[in-house]
Amino acid sequence: MTGKARDSRAPGRILRANTLWPQSLWIGIICAASLASAVIACGLGSFPSPPAETLRALVHALGQAIGLHMGQPVDPALSVVVVDIRLARVALAWLTGASLATAGCVFQGVLRNPLADAFTLGVSGGAAFGASVAIIFGLAGGAAISGLGGSTGILPLFALAGALLALAAVLALGRAGSGSMGNMRRETLVLAGIVVSTFLSALISLLKSLDEESVASIVFWIMGSFQGRGFEHVRLALPYMAVGLGLVLWRARELDLLALGEGQARLLGLDAGRSRLWLLIGASLLSGAAVAVSGVIGFVGLVVPHLLRMVIGAGHRTLLPASAGLGGLLLLWSDVLARSILPGGAELPVGVVTALIGGPFFCLLLGRNSQGGA
Amino acid sequence: MARTNADRLPASIMRLPVIGTHMRPNIEAVLAQRPDLVLQLAGRKEASLPVEALRKHGLKVAVFHASTFAELFSVIRRVGLLTGSEEQAEVMVRGLEMRLTALDNKLSASADNRTSRPRVFFEVRSPNMLAAGQAGLVGEIIRHAGGVNCVADKAKFARLSEEEVIRLMPEAYLIQRGPMNPAPLPLDKRPRLRAIPAALSGKAWFVDEQKYSRPGPRNVDAAEELAGLLHPEIKSPAPKVPTSKHKDTK
């Protein structure tokens, strides 16, 4: 009943949002804010970086990237800090946030469950398990975790494989519980996701018990962080993220139909089972790649789509790109906070920052939503 | 008569039965050994629970803490007292004290040390970078070896970003290898740290976690070894250093 009530409110929201601001303007604002934030974030950190020097380092790096001599070379240490550390983290944080928020938006739309995200479907749990296996079996030394030195980055690949295997297990369970792939019930999928997550979480605890020396590494990986990450991680995750994003944007209209309910979607000629499967694969590629390079980062996939539905409406052709932009922006600033809030150059795991920001914010959203619905 | 899973030195103790891990010793396994005395190194809060349980069962448990050489020597003397080997402990401590004094004298006689005490960074774990802070024996080892620990944090460990490591500009970079840091990358395989003085001069070494981070007589070996690396002119009895850029002190 509540599902029906929620669906019936969605068109009203779209109309209400349209009358205030054109949706494309919101996307433009988010893009401009992302660019400005990226430049500002490259100037923030424990290493002294005057704004003029930071800009010179960025312009010089941009020139080198496109094969032009732009700007004057700067102090090598400052250049490493601004470009190789901060800019790489900014890029990776933005991409990860964009992927998590887009994936969350798709999971919520496909499963018509406001609490669905990478956690609910076991994708994060699968990635965490894959990473834990890599750490426990010694495949995750500096080379494997950071993916440096020409190494293939074994840990991210284990995490990605874990994420996709977990989703395969959830889909198989969903099919077993519903009779066929085309008729998978969304309740069965959510339940299967929770079962798989819980099981994998027990397996991670087992691995931690078997090798106490690795507990700290596993715990820190699971808390999520961009520490020690660089452009090699961007290169590793970007292809999966691009394919995932392309897949879900291509099927955004189908997501709108699925959100109306399966019966209505079928009446409108949609092969609901096939659409749902492709959308789930796209969202899993996005969240699997994000978790693989950053660890488990919560709340971005929940808070961003909910906030945007209130502002720009529930149409997925706008909601998906807007979620990507705002998710990127949120994680970019969360990472800046994570790396600069503690004195003495110490860092907080970024997953802790998103949980601290996202938890109370999500409660506010829930409160506003229930008042609006009453 | 028994050890935890992490106790592996000297090699002769490997044949002894294992009573669990240092974080979670198995009370039943300890009781089964019927020990007259249980020794524990303080540090982890969770490890104090089994101590209470063992005391409840009537066992004598001595918990020690050592974060300076003076404290370490005091611990060796007290263990000697508790095990009836006072004389042996005293001989050992005097030998270690003499070696440290000799090292201090050599360093103060060295012209190089009078002019420069290199800024040393000690990596406990990476890539979730954990460095040795001012408290703890690693700081003492660095001081006695004629260096300065460039991490100012007063705690035993400091969690740092790569950016902060670059800001600290360490002139020597030590990477411990052992259970806490099982497969660290050498410094020349970390492009983001390429601009620090230690990377530019090649003063980066792998060191043995058991020698540097576990309190014991081997910490004096560590101080001598490090002094030889930081101040080669003192001709300290440092082990052979391979000619490759990233030398392994094991």
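In this text the structure is predicted, and so the values were computed from the model without any measurement. (Residues numbered from 1 in each chain as written. Chains lettered and ligands numbered in written order. Predicted model: local features only at pLDDT ≥ 70, side-chain atom pairs only at ≥ 80, totals over all residues. Heavy atoms only, no water.)

Attention shifts here to the overall build of chain B. A count of helical and extended segments in chain B gives ten helices and nine strands. The buried share of chain B, reckoned over its 250 residues, is 48%. The contacts of chain B with a sequence gap of at least 6 include a subset with a gap of at least 24, amounting to 59%. For chain B, the accessible area works out to roughly 12,300 Å², and carbon and sulfur atoms hold 56% of it. (Helix = DSSP H or I, 4+ residues; strand = E, 2+ residues; numbered from the N terminus. Buried < 20%, exposed > 50% of the residue type's maximum accessible area, 1.4 Å probe, protein only. Contact = heavy atoms within 4.5 Å. Areas by Shrake-Rupley, 256 points an atom, 1.4 Å probe, with all protein chains shown as cover.)

It is worth spelling out a nonpolar patch on the surface at this point. Residue and element names in this part refer to chain A. Residues L337, I341, L342 and I357 make up a contiguous nonpolar surface patch of about 310 Å² in total accessible area. Topologically, I357 is positioned in helix α16 (residues 350–373). The exposure class of I357 is partly exposed, given its relative accessible area of 35%. (Patch = residues over 30% accessible without salt bridge, like charges linked within 9 Å, V, L, I, M, F, W, Y side chains within 5 Å. Salt bridge = Lys/Arg side-chain N within 4 Å of Asp/Glu carboxyl O.)

Looking now at the confidence of the model for chain A. Residues and elements named next belong to chain A. Considering every residue of chain A, the mean pLDDT works out to 80; 85% of them sit at 70 or more. Contacts of residues 1–19 to residues separated by more than four positions or lying in other chains number 18 contacts, the stretch itself having pLDDT below 50. Counted against residues more than four places away or in other chains, residues 141–152, with its pLDDT under 50, gives 36 contacts. (pLDDT = per-residue confidence, 0-100.)

Residues and elements named next belong to chain B. Contact pair helix α3 (residues 69–82) / helix α4 (residues 86–109): the axes reach a minimum separation of 7 Å and the direction vectors enclose 165°. The orientation of α3 relative to α4 falls into the category roughly antiparallel. In this structure, α3 meets α4 at a crossing whose hand is right-handed. In this structure, α3 uses F69, F73, I76, R77, G80 and L81 to contact α4, whose residues at the interface are E86, A89, E90, M92, V93, L96, E97 and L100. Here the residues of the contact of α3 with α4 are counted per class, giving nine nonpolar, one polar and four charged. (Axes fitted to C-alpha atoms, helices over the stretch in contact; angles between N-to-C directions. Parallel < 35°, antiparallel > 145°, perpendicular 65-115°, else oblique. Left-handed = near helix turned anticlockwise from the far one by under 90°. Nonpolar A, V, L, I, M, F, W, Y, C, P; charged D, E, K, R; others polar.)

All names here are of chain B. Following the sequence through the fold, N181 ends up in the loop between β7 (172–177) and α8 (197–201). You can call N181 buried: its relative accessible area is 1%. Among the polar contacts made by the side chain of N181, one reaches the main-chain amide nitrogen of S126 at a distance of 3.1 Å. At 3.0 Å, the side chain of N181 forms a polar contact with the backbone oxygen of Q176. Excluding residues within four positions of it along the chain, N181 makes contact with E123, V124, R125, S126, I175, Q176 and E209. (Polar contact = N/O pair within 3.5 Å; in protein donor to acceptor, adjacent residues only side chain to side chain.)

Looking now at the side chain of Q210 of chain B. Residues and elements named next belong to chain B. Counting through the fold element by element, Q210 comes out in helix α9 (residues 209–212). A distance of 3.0 Å separates polar atoms of two side chains, one belonging to Q210 and the other to R214. Residues contacting Q210, with those up to four places away along its chain left out, are R8 and L9.

Residue and element names in this part refer to chain B. With burial as the criterion, only one face of strand β1 (residues 38–41) is covered, namely that bearing V38 and Q40; the residues L39 and L41 on the opposite face remain uncovered. Strand direction decides the pairing type here: β1 and strand β2 (residues 61–64), joined by four bridges, are parallel. Pairing of L39 across the sheet is with A62, part of β2. (Pairing = 2+ DSSP bridges.)

Residues and elements named next belong to chain B. Counted under the stated rule, the structure contains three aromatic pairs over all chains. For the ring pair F121 and Y173, a centre distance of 5.0 Å and an interplane angle of 25° mean the geometry is stacked. Here F121, found in strand β3 (residues 119–125), pairs with Y173, found in strand β7; they are 52 residues apart in sequence, far enough to count as distant. Here the two residues F121 and Y173 agree in accessibility, since each one is buried. When the ring centre of F206 is taken as origin, the NZ or CZ atom of R177, which lies over that ring, is 4.1 Å away. (Phe/Tyr/Trp six-rings, centres within 6.5 Å; stacked < 30°, edge-to-face > 60°. Lys NZ or Arg CZ within 6 Å of the ring centre and 35° of its normal.)

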